[in-house]
Amino acid sequence: MSSIHLPILTSIHPPIHPPIHPPISPFSDHKSIPVLPVFPLEAHHGWPLGESAMLGCVCSVPTSTCCFSTAITITEQPVSVSVPVGYSFTLRCRAQGHTSLQYQWFCQYQSDCCLVPGATNQDLPIIAEQTQLYTCRVNDLHRNAVFSDWVKVEVHQCVARGLPPRLWQGEPVIVLNPREQRVEVGQPLQLQCAAMGVPAPSYQWYRNGNLLEQQKRKKLWIAHTKVSDSGTYLCCASNSHGEHWTNAVDVHIGTCGSGKFFATGKIALLVGNNRYQHHPNLMAPVRDVFELRRLLEHLGFQVVSLLDLNKAEMAAAVSQFLQLLGKGVYAIFYYAGHGYEHLGRNYMVPVDAPQPYAPENCISVQRILQKMQQQQTALNIILLDTCRKWYNPGRALSQVQPLEPWGNTVYGYSTSEDAEAYELHDGEFSSGIFMKYLKKHILQEKKVTYMLEDVLEDIGRDPLVTGKQVMEIRHTLKEARALTDPVCPSGAAAGHWGHGQELPSRAVTFPCGARVELRFLRLFSNLMFVCAKPQPPLAHVTDPQLLLRQLAETDDVAIQRESCLDHVETLLASVYKREELDCVFQLCALQKIQTDVVLQLDLHYTQPGTKQRTCESLQTTLQQSLLRQFFSLQRAPAHTGSVCPQDAMGPGADPKGSPGTDPKGSPGTDPKGSVGADPKGSPGTDPKGSPGTDPKGSPGTDPKGSPGTDPKGSLGTGSGRSLPSSSPSNFSSEPEENDESELGELCLALNQAGLGQDRP
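Residues numbered from 1 in each chain as written. Predicted model: local features only at pLDDT ≥ 70, side-chain atom pairs only at ≥ 80, totals over all residues. Heavy atoms only, no water.

Going by the annotation in an unreviewed UniProt entry, the name recorded for the protein is Mucosa-associated lymphoid tissue lymphoma translocation protein 1 homolog, with Taeniopygia guttata given as the source organism.

Dropping the structure here:
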């Protein structure tokens, strides 16, 4: 039998000459032509089925007549699928012809194409093992032949537990989300996602809610980026069963310098509880919160610092804090005061908590961290300067979901399990052992966990607490993120946190002509000093003296008197010059103020002519809404969904530790506060160590917020975003190139991620 030679086919369409072998797959790498098999024709027996493939660059075909004909019409093409390994499915091909038809399936893996032995039926059952391409040849008894479309069976080797769902009908399921990126102008940008689906999903990318016409693949590629390419990106995967959206990610182009890591914002909430209603008072939290605020502001953090909060106020502050977190933010929560631990779960004690300790009267730290993580932050840091004595071991634990394995969480405990935290007293100054060394290292430009290790080592060398207090660090931080990383804002959600709290100064003029400037200085977000200073010239008066006082015996005045903190003016003097502080008036517990505050300013002076002492008075009103503005803010949460603070942090919502769980901190331990180095711990107990060390918060200390108090405000949870609609009807059955090798490095993370979840 004679033969002729034909070149390899380069069209995806069936050839006009005899289609002896499958056409080149449209999924093939265009840089190399796959080697195709040769299938000889038999003159009297039609197309031979099942013989071994012969590889070569050219193929021999018989000279016997054979042609492509409209006599065979494929009525049902096979469709591409994207499935997990081990998934069972069937490829289908249906055709019509004038005679009986024969079918033969072919597959291609990498560059090798061969027939599938025994695959001579219309249906091809497959158990997914590896990504391959398939086509089906249909021929009749007159030697007419036609090939189906090439289809891709994409097999995902690593998917999260529980995927696909048990009753999966083939709708798109996201298995890989894009990641946040920072790219210099002119450099390439690549975002990648992946979804399972039957049929295989098609993809459509969006930027800032706008459809990107040319970006219809799993990989978004921009060869030369411009600043205008910055924005929020997400992708819609759709097929005939529906659509599913990836997580939205922020892309920053050319605005963040050359550093590897950056934050979209830096936000911190600092809480220090000193004056307890039912437990020993502490001294160090005031100064510790003050000094940490100044250091964090130096690092670019927007800080809210609060003193002496009850349970409802702590929950409201945490709610505000959580609502302002978002993707890429560095978030710090710091607490100094009484506390305890139970089975690895930590509880903070509000100032109004009754004795004994109980989770329903305390605030759960793990619950706060869980909500922080739900906001897609890049770095979550919890710093606890409190005792961790075990308490109420018989209490049951409440339900708390485990943290997602996103590698962005750092715990810094001032002391170890079942131990106390100490504070030092030096005259009118007090400081926690933990803060003494934290402020020494916190400005270092190094990974945050390395910085905390330096703090741990210094505490370990301090002879005052040797054998009594040792710091503990726990973390899942997989990237070398530091507190010194630059900030590249992606939105204005946190623009008001820690800012806009200063009231503008105002000037008042007395009848005698003397002018006095009133300044409003906030040392903490809920503690303010009103300072009065005479303005030159004072030609008509001599020996002037100013006195500021609050008018009327209201509930607010009583609260102010009870909340006034000793030694705070020392902190004020460390920030402002003494001459600016001629006359000061302290306004504390601003969150409790319910009415406008009326201050009376008395000017006592001597008249130059008569030498008589005279007093003139003026009144000024401070609006309640400005004084307690932090607790009055009603910002739209960055993420939809909410949880009642009582649910989030009270009994039954207490993270790792159910209501009634007894915190670490044996009863009787004395809170932060005695002379020397008293551990922050339970009342009455004297920590192991030198006289005067009193532990921060012990059992019996009353947490802020009496039992049953339900704070106003809710904790923001979840994430919500208005998304553009996308029609699932225009889906393609042919996904793009195989991305299995690039997905491999993400397997470990995906194994523990949930549906549609992936984090940097």
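A.B. asks: Outline the overall build of the protein, supporting the account with residue identities and numerical values.
C.D. replies: Counting its regular elements, the protein contains 12 helices and 45 strands. Expressed as a percentage of the 760 residues in the protein, the buried residues total 56%. Of the roughly 31400 Å² of accessible surface on the protein, a fraction of 52% belongs to carbon and sulfur atoms. (Helix = DSSP H or I, 4+ residues; strand = E, 2+ residues; numbered from the N terminus. Buried < 20%, exposed > 50% of the residue type's maximum accessible area, 1.4 Å probe, protein only. Areas by Shrake-Rupley, 256 points an atom, 1.4 Å probe, with all protein chains shown as cover.)

A.B. asks: Can you explain the pattern of salt bridges? Please cite residues and give values.
C.D. replies: On inspection of all chains with the given rule, the structure shows 21 salt bridges. A salt bridge links E291 to R287; its shortest N-O distance comes to 2.9 Å. In this pair, E291 and R287 are both assigned in helix 1 (residues 284-298), four residues apart and thus about one turn of the helix distant. When its relative accessible area of 16% is taken as the criterion, E291 is described as buried. Between R388 and E472 there is a salt bridge whose closest N-O contact spans 2.8 Å. Separated by 84 residues along the polypeptide, R388 in the loop between strand 31 (379-385) and strand 32 (409-413) and E472 in strand 35 (residues 472-475) bring together distant segments of the chain. Exposure remark for E472: the relative accessible area of 18% places this residue in the buried category. Through salt bridges with shared partners, a single ionic network connects E341, R388, E417, E472 and R474. (Salt bridge = Lys/Arg side-chain N within 4 Å of Asp/Glu carboxyl O.)

A.B. asks: Now, about the packing of helix 4 (residues 433-441) against helix 5 (residues 448-461): what can you tell me, with residues and values included?
C.D. replies: Contact geometry for helix 4 and helix 5: axes closest at 9 Å, N-to-C directions at 135°. When the interaxial angle is binned, helix 4 and helix 5 end up oblique. Considering only the axes of helix 4 and helix 5, their crossing is right-handed. Residue-level inspection shows I433, F434, Y437, L438, K440 and H441 of helix 4 in contact with helix 5, the latter providing M451, L452, D454, V455, D458 and I459. Taken together, the residues that form the contact of helix 4 with helix 5 break down as eight nonpolar, one polar and three charged. (Axes fitted to C-alpha atoms, helices over the stretch in contact; angles between N-to-C directions. Parallel < 35°, antiparallel > 145°, perpendicular 65-115°, else oblique. Left-handed = near helix turned anticlockwise from the far one by under 90°. Contact = heavy atoms within 4.5 Å. Nonpolar A, V, L, I, M, F, W, Y, C, P; charged D, E, K, R; others polar.)

A.B. asks: Any details on the packing of aromatic side chains? Residues and values, ideally.
C.D. replies: For the structure on display, the rule yields eight aromatic pairs. Both rings, one in F321 and one in F333, keep their centres 6.4 Å apart while their planes meet at 45°; by these two values the pair is tilted. Of this pair, F321 sits in helix 2 (residues 311-323) while F333 sits in strand 27 (residues 329-336); the two residues are 12 residues apart in sequence, bridging distant segments of the chain. Given a relative accessible area of 0%, F321 falls into the buried group. Members of the aromatic cluster, connected to one another through ring pairs, are Y340, Y347 and Y357. (Phe/Tyr/Trp six-rings, centres within 6.5 Å; stacked < 30°, edge-to-face > 60°.)

A.B. asks: Could you give an account of the sheet that holds strand 39 (residues 542-550), naming the residues involved and the relevant values?
C.D. replies: Here we have three strands laid out as an open sheet, ordered 39-41-42, and antiparallel in their pairing. Either end of the sheet is taken by a strand with one partner, and the two such strands are strand 39 and strand 42 (613-622). Pairs of neighbouring strands in the sheet enclose a mean axial angle of 20°, with direction left out of account. (Pairing = 2+ DSSP bridges.)

A.B. asks: I'd like to hear about the sheet that holds strand 32, residue by residue, with values.
C.D. replies: Ordered in space as 26-25-27-31-32-35, the six strands form an open sheet in which the pairing is mixed. At either margin of the open sheet sits one strand with a lone partner, and together these are strand 26 (302-307) and strand 35. On average, each strand axis in the sheet is inclined to that of its neighbour by 10°, with strand direction left out of account. Of the strand pairs in this sheet, strand 27 and strand 31 are connected by seven bridges, and their pairing is parallel. Of the residues in strand 31, the one forming a bridge with Y330 is L379.

A.B. asks: Break down the packing of helix 1 against helix 4 for me, with residues and values.
C.D. replies: Contact geometry of helix 1 with helix 4 gives a least axis separation of 10 Å together with a crossing angle of 15°. When the axes of helix 1 and helix 4 are compared, the pair comes out roughly parallel. Seen from above, helix 1 lies across helix 4 with left-handed handedness. Contact residues: R287, D288, E291, L292 and L295 in helix 1; M435, L438 and K439 in helix 4. Here the residues of the contact of helix 1 with helix 4 sort into four nonpolar, no polar and four charged.

A.B. asks: Would you mind going over helix 7 (residues 568-575) in detail, with residue names and values included?
C.D. replies: Within the span of helix 7, buried status applies to V568, L571 and L572. Taken down its axis, helix 7 places every buried residue within 100° of arc, on the same side. Residues of helix 7 that are buried sit in contact with helix 1, strand 37 (515-524), strand 38 (527-535) and strand 40 (583-587). (Arc of directions from axis to C-beta.)

A.B. asks: Describe in detail unusual backbone geometry, supporting the description with residues and values.
C.D. replies: Residues L163 and P164 are joined by a peptide bond in cis, for which omega reads -5°. Mapped onto the fold, P164 is located in the loop between strand 14 (151-156) and strand 15 (173-176). Although it is not a glycine, R143 adopts a positive phi angle of roughly 65°. Inspection of the secondary structure puts R143 in the loop between strand 12 (132-140) and strand 13 (145-147). With a phi angle near 50°, D308 is a residue other than glycine that sits in the positive phi range. One can find D308 in the loop between strand 26 and helix 2.

A.B. asks: Mind laying out the side chain of D602, listing which residues take part and the relevant values?
C.D. replies: Checked against the element boundaries, D602 lands in strand 41 (residues 597-606). Exposure remark for D602: the relative accessible area of 4% places this residue in the buried category. Within the structure, D602 has its side chain in polar contact with the side chain of R549 (distance 2.9 Å). When residues no more than four places from it in sequence are discounted, the contact partners of D602 are Q545, L546, L547, R549, C615, E616 and S617. (Polar contact = N/O pair within 3.5 Å; in protein donor to acceptor, adjacent residues only side chain to side chain.)

A.B. asks: Tell me about the nonpolar core, and please be specific about residues and values.
C.D. replies: Core analysis: the largest hydrophobic core is formed by 51 residues, its most contacted members being L296, L438 and L483. With six residues, the top contributor of residues to this core is helix 1. Split by domain, the residues of this core number at least three in each of domain 3 (265-392 + 400-475) and domain 4 (506-554 + 566-631). Other than its neighbours up to four places away in sequence, L483 contacts K266, L299, F301, I332, L379, I381, I442, V448 and M451. (Core = buried A, V, L, I, M, F, W, Y, C linked by side-chain atoms within 4.5 Å. Domains from an automatic or database assignment.)

A.B. asks: Break down helix 5 for me, citing the residues and quoting the values.
C.D. replies: Given a rise of 1.5 Å per residue, 14 residues ought to cover 20 Å, and the 20 Å separating the end C-alpha atoms of helix 5 matches this to within 8%. For helix 5, the set of buried residues is V448, T449, M451, L452, D454, V455, D458 and I459. Against strand 31, strand 32, helix 4 and strand 35 lie the buried residues of helix 5. (Expected span 1.5 Å × (residues − 1).)

A.B. asks: An account of the environment of L343 is needed here, citing residue identities and associated values.
C.D. replies: Tracing the sequence through the fold places L343 in the loop between strand 28 (339-342) and strand 29 (345-348). Sequence spacing of L343 and W390 is 47 residues, and the spatial spacing of their C-alpha atoms is 7.9 Å.

A.B. asks: How would you summarise the side chain of N310 if you had to cite specific residues and measurements?
C.D. replies: Within the fold, N310 resides in the loop between strand 26 and helix 2. According to the relative accessible area criterion, N310 is buried, its value standing at 15%. Of note is the side chain of N310, whose polar atom sits 3.1 Å from the backbone nitrogen of A312. Only 2.8 Å separates the side chain of N310 from the backbone nitrogen of E313, close enough to count as a polar contact.

A.B. asks: Residues and numbers for the environment of H156, please.
C.D. replies: As for its position among the elements, H156 is in strand 14. In sequence terms H156 and V83 are 73 residues apart; their C-alpha atoms lie 6.1 Å from each other. Among the polar contacts listed, one links the side chain of H156 to the side chain of S82, at a separation of 2.7 Å.

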